Structure formats: structure tokens, C-alpha cells
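These are the residues of each chain, in order.
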Amino acid sequence: MSFARIGSVLILLSAVVGCLPQGSRPGARLSYTSGQSGNIGVAAAALPLADFVYPEDATLRQDRTYEVVDASGNLDRYREILWADGTGQFSLEIAGVAEDGLPSFSAPDAFWQSSYLTRQRYLVHYRDFRIHNENQVRRNYTWSELPGTTTMAGRNCSRYLAESVYSLGSVEFVMDQQSKLILGWIRRDGAGNLVCQMSTDALNETPNLSGVVWSQAIAPEQEYNGPPDDNLLGFSPNPVIYYPAGFSHGDQRIILSQVTYGSQIPNLHLEVLRDGLVNIMVAQQLEVIGGGGAFPEIIIAREAEIGGIRVMEGDVQSIRTYVIGSLPSQELLAVLGAMN
Amino acid sequence: MNDNIRPLPAELEAELRALGDVQAPAELWHRVSLSLMEEVEAPDELWERVLPEVEAASRPTTPIFAFPRLAAAAAVLFLVTISFVASGFQPTAMNSSASMSSHDALRDYYASRVTAVSVTPDQLSPSARGLAASMGASIEVVR
């Protein structure tokens, strides 16, 4: 066969392959049907992602358990109650605490109740997982429906697994097959280790919402609109230069913490980097103590690993900068280092 | 047998000898030689008999940019590219290893600009603890 003929055959083959749905291609993983064994999935680009309903967007009372690995490697567990009215209002309360791997829950003390009161909005917006951007998820993850049906809070559920194509971990969702409501999720790091997870213990979709105190931002927030807003911060935020693979910039906000806490806690510039599912928080704040160095070439940072959630805290050009997320330390350090 | 056969060019002879185990009939040497001089063509029957072995073992002797081959290659590249684009081709860790390697180098460069000191969570500032707790870290938040 001549090279021209071979070329013609290849042309036809490539054209045919290009026209096939991805699931039909040789080597592509096919969508699974219930009852099959094995984890069968497809590149997230091939199929529409699952049409999830998120608890905070529904009308419900959700009794749930949040579990997270602590700095000692033990599992800390928190019983939570999420109330939501279907219009965007929600409230997240704490109902029980079982830290350091203890088997039984104790009633939350005033400290924990206060802690949840101030953090509830951030926990729902930044801790809990949801698909923020479908296109990003298609680019950055492979998407699989796991085989079989699982039961959670008395509901038959399907499980979906999003695995980072950049080996930056995975998120598994548990979805009520009937209502499409997300009843649980599991976040694992790139090595497959558990970072945190949430599961539903009981669900009431016709709750009595009278008396529920809906969450309020503990400190006023507003969008950051560039230099005109710098007077609120007392500095010009350093731009994020380096993004971990698949991540891009998110909205920039100013948290007016001085309104609530006074000058002791300066206002905060907050940017959340996202890859469609996972968040990295980058915050900048005028230093309270000390002046920092004069444009040091090397940033001295404090690094703490709290389970799978890592915190970098350093001064970049006299601006206290925090980078927080569940990615490897090297990624978060690079975000910080590139801001100098 | 033609007695006016001239010796093959050394390069061609070396290439033919490099065919190794292919046993060409002695007649072929003469016919090939004549063919190169455009004095006579090998009979079709002979070519058909030896062509499979020669094609399997030989290196290309025609110019590498001969038109049919170039056209075919260009067309293949073009259509493969089009088909990848049309099929929603996306970079993965495997097929973008070069760009990932570059990305990793950039990451390591920026990370090297930070000297990180490991601390326990309680040695972080209150703001850092508060932000970490907002991301779900199990940490006491004391303001």
C-alpha cells in the first residue's frame, strides 16, 4: 500500500473517530448502568454533569455530620443542622461535637455555638463542595458515576466521582436519586487520603421554619473594584500571579471586619481561586504588628498542616498574606511566592 | 545477461546490502542497475515477486518530500488536529506532560521564594486560624 493510500486511510479513520461520541471511541470508558461492577466513567467533557440540587438552595432541615482530619491525624466529627428556605436563606447550627476520634458526641458548648454563628456562611460557601463552574470541571476532572445504589438518610442515592486530571485530589458526591439533592460528599487529596466529608443523617423536606434565625454576614462584605477601594484596605492588594494547574481567579471581595471588630482586625481582601470544584482562599490584610521587611526577596512564612487543609501565612511587601486550601504545600507556597 | 552493466553507486550498494536477510535473485542486481540508468525496466513479474520483501526491509530511497507522501502526511496532521478540536480534546496529565513539566518548574521556582517554617495551628495568627476554620479545618478560633 502506498504512503498516499495509507494517508487516505488514516484521514478516514481520524475523521470517523472525530465524529464519534467520546463514549464510543476505542479505549474510552463508557458510561455505566446500574448493577455493573467496576468504576466506569468518562472524561468530564463527554457527558453533561449530574444536575445537582444543593442543600442550601432547597427547602429542608438537614441533620448531617461533618468529619475532618485534625492536625494530629484524628478524625473530628461535628453534628450540624442546616435549615434552608429555598430562596437562598440558610442557617447552619452545631448540634454535637466528637473530637480526637471519640466515638460519642457531646453537646456543643458556648464556644462552639459562637464559632458556628460567625462561620456558618463561610462554611457553606467555601467549605462545602458544589460545582461552581461546569466548564472548569469538564476541563480539570474526569467524571464517573460509581456503580450501584447506596442509601443515605433513607434515600436511594447515586455516587459521582470527580478526579483531578492534575492529580490534585478528588471529590465524591452522594446524590438522592429522586430529588437530585446532594446528601454528602467526600474530599480526598492527591494521594487518596481523606481530607473531610459530609453525610446526611436525617432529612426533612417540609420543615417548620418558623423561629429559624437566618445567617447573616458577620462582617459587611463588598466587591473589590480595584484601586478606588484600596483606601478601605489601607494598601493595594498584590495580584495572584501563579495558579495551580486548572485553577483560575475568582471574585475579589473586601470583608469589612473593622466594622464588626474595630481596628484590631483590619479589613481583609479576599480572593477565592477555583478549579470548578475546589477552593483556595487567598486573603490579604494590613499587618497589625510589625512592619515586615522592605520588599524582601524571600518571604518568611508560617506553614501549618491541619489534617489535609494547609495554611500559609507570610508577609508580602508588608502585607500579611494567607493562602489556605487542601492542595499540596508546594502549590500553596508557589501562590504565595509569586505574589512577591 | 548484459555485459555493459556498470557497478552500482557505493551508497546504493550499501543500502541494498543492508537489506540483510532478503535474498534477492542475482538478476535483480542487474535489473536494478539498468533501471537506475533508465536503460531498461525490470519486468513486472520480477518486481511483484520481490517487492513485499524489499518494502518490508528497505529504507525509503525516494526523496522524503515526494509529493504524495507529503500531501498525505499533511492531510493526516490537519485532519487529526481538526478531529481533536471537534471532539473537545482536553489537556490531561498524560497528553500535556510537556506543559505540565513547565508548569511544575514554574511552581517550584515560585515556591523557592518562600522560606516556610512549620508551626502548630495555635502558632498561627488569629486571622489565619479564622480563615482556616472557615475552610473547614478543625481548629479552635479564638479572637
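Quick caveat, the model's predicted, so the values are computed rather than measured. (Residues numbered from 1 in each chain as written. Chains lettered and ligands numbered in written order. Predicted model: local features only at pLDDT ≥ 70, side-chain atom pairs only at ≥ 80, totals over all residues.)

Caption draft 1: Spatial organisation of the overall build of chain B. Check the secondary structure of chain B and you find 6 helices and 1 strand. Mapped from its N terminus to its C terminus, chain B presents α and β elements in the order α-α-α-α-α-β-α. Of all 143 residues assigned to chain B, the portion counted as buried reaches 16%. Across chain B, contacts joining residues at least 24 apart in sequence account for 47% of those joining residues at least 6 apart. (Helix = DSSP H or I, 4+ residues; strand = E, 2+ residues; numbered from the N terminus. Buried ≥ 20, exposed ≤ 12 C-beta atoms within 10 Å, placed from the backbone. Contact = placed C-beta atoms within 7 Å.)

Caption draft 2: Local environment of the overall build of chain A. The helix and strand tally for chain A stands at 6 helices and 16 strands. The proportion of buried residues among the 340 residues of chain A is 40%. Look at the contacts in chain A between residues 6 or more apart in sequence, and 55% of them connect residues 24 or more apart.

Caption draft 3: Main features of unusual backbone geometry. Residues and elements named next belong to chain A. One non-glycine residue with positive phi stands out, namely K180, at about 70°. One can find K180 in the loop between β7 (170–176) and β8 (182–188). For K180, a count of 14 C-beta atoms within 10 Å corresponds to the partly exposed category. The phi dihedral of S318 is positive, around 65°, even though this residue is not glycine. You can see S318 is positioned in the loop between β15 (309–316) and β16 (319–325).

Caption draft 4: View of helix α5 (residues 97–111) of chain B. Spanning 15 residues, α5(B) covers 20 Å between terminal C-alpha atoms, matching the ideal 21 Å at 1.5 Å per step. Looking at α5(B), one finds that the buried residues are R107(B), Y110(B) and A111(B). Seen end-on, α5(B) carries its buried residues on one side only, within an arc spanning 95°. In α5(B), the exposed residues that point more than 90 degrees away from the buried face are A98(B), S101(B), S102(B) and A105(B). Contacts made by the buried residues of α5(B) are with α6 (329–337) of chain A together with β1 (114–118) of chain B. (Expected span 1.5 Å × (residues − 1). Arc of directions from axis to C-beta.)

Caption draft 5: Just the environment of A58(A), in detail. All names here are of chain A. Note that A58 resides in the loop between β1 (40–43) and β2 (59–69). Since 19 C-beta atoms lie within 10 Å of it, A58 is described here as partly exposed. Counting along the chain gives 26 residues from A58 to A84, while the straight-line C-alpha distance between them is 6.1 Å. Once residues within four sequence positions are removed from consideration, A58 is found in contact with V53, A84, G86 and L181.

Caption draft 6: The pairing of β15(A), seen in detail. Residue and element names in this part refer to chain A. For β15, a buried count of 7 out of 8 residues is recorded, marking the element as mostly surrounded by other parts of the structure. The pairing of strand β14 (residues 299–306) with β15 spans 6 bridges and is antiparallel. Counterpart to A304 in the pairing with β15 is V311. Count of turn residues in the β14/β15 antiparallel hairpin: 2 residues, of which G307 carries a positive phi of about 65°. (Pairing = 2+ DSSP bridges.)

Caption draft 7: Focus on the environment of G88(A). By the secondary structure assignment, G88(A) is in the loop between β3 (75–85) and β4 (90–98). Along the chain, G88(A) and W214(A) lie 126 residues apart, while their C-alpha atoms are 9.8 Å from each other.

Caption draft 8: Spatial organisation of helix α6 (residues 126–134) of chain B. Residues and elements named next belong to chain B. Across the 9 residues of α6, 8 count as buried, placing the element largely inside the fold. Of the positions making up α6, those classed as buried are S127, A128, R129, G130, L131, A132, A133 and S134. Downstream of α6 by one or two residues, G136 has phi in the positive range, about 100°.

Caption draft 9: A look at the sheet that holds strand β11 (residues 252–255) of chain A. What the 8 strands build is an open sheet, ordered β10(A)-β11(A)-β12(A)-β13(A)-β16(A)-β15(A)-β14(A)-β1(B); its pairing is mixed. Edge strands, defined here as strands with exactly one partner in the open sheet, are β10 (221–223) of chain A together with β1 of chain B. The average angle at which neighbouring strand axes cross in this sheet is 25°, direction not considered. As defined by bridge partners, β11(A) adjoins strand β12 (residues 268–274) of chain A across 4 bridges and the pair is classed as antiparallel. From the neighbouring strand, Q252(A) faces β12(A), where its bridge partner is E271(A). (Axes fitted to C-alpha atoms, helices over the stretch in contact; angles between N-to-C directions.)

Caption draft 10: Region of interest: the confidence of the model for chain A. All names here are of chain A. Per-residue confidence for chain A averages 85 on the pLDDT scale, and 83% of its residues sit at or above 70. Taken element by element, chain A is modelled with least confidence in helix α1 (residues 3–19), mean pLDDT 39, and with most confidence in β8, mean pLDDT 98. Counting contacts from residues 1–41, a segment whose pLDDT is below 50, to residues more than four positions away or on other chains yields 66 contacts. Residue range residues 290–295 is modelled with pLDDT below 50. Its contacts to residues more than four positions away, or to other chains, number 5 contacts. (pLDDT = per-residue confidence, 0-100.)

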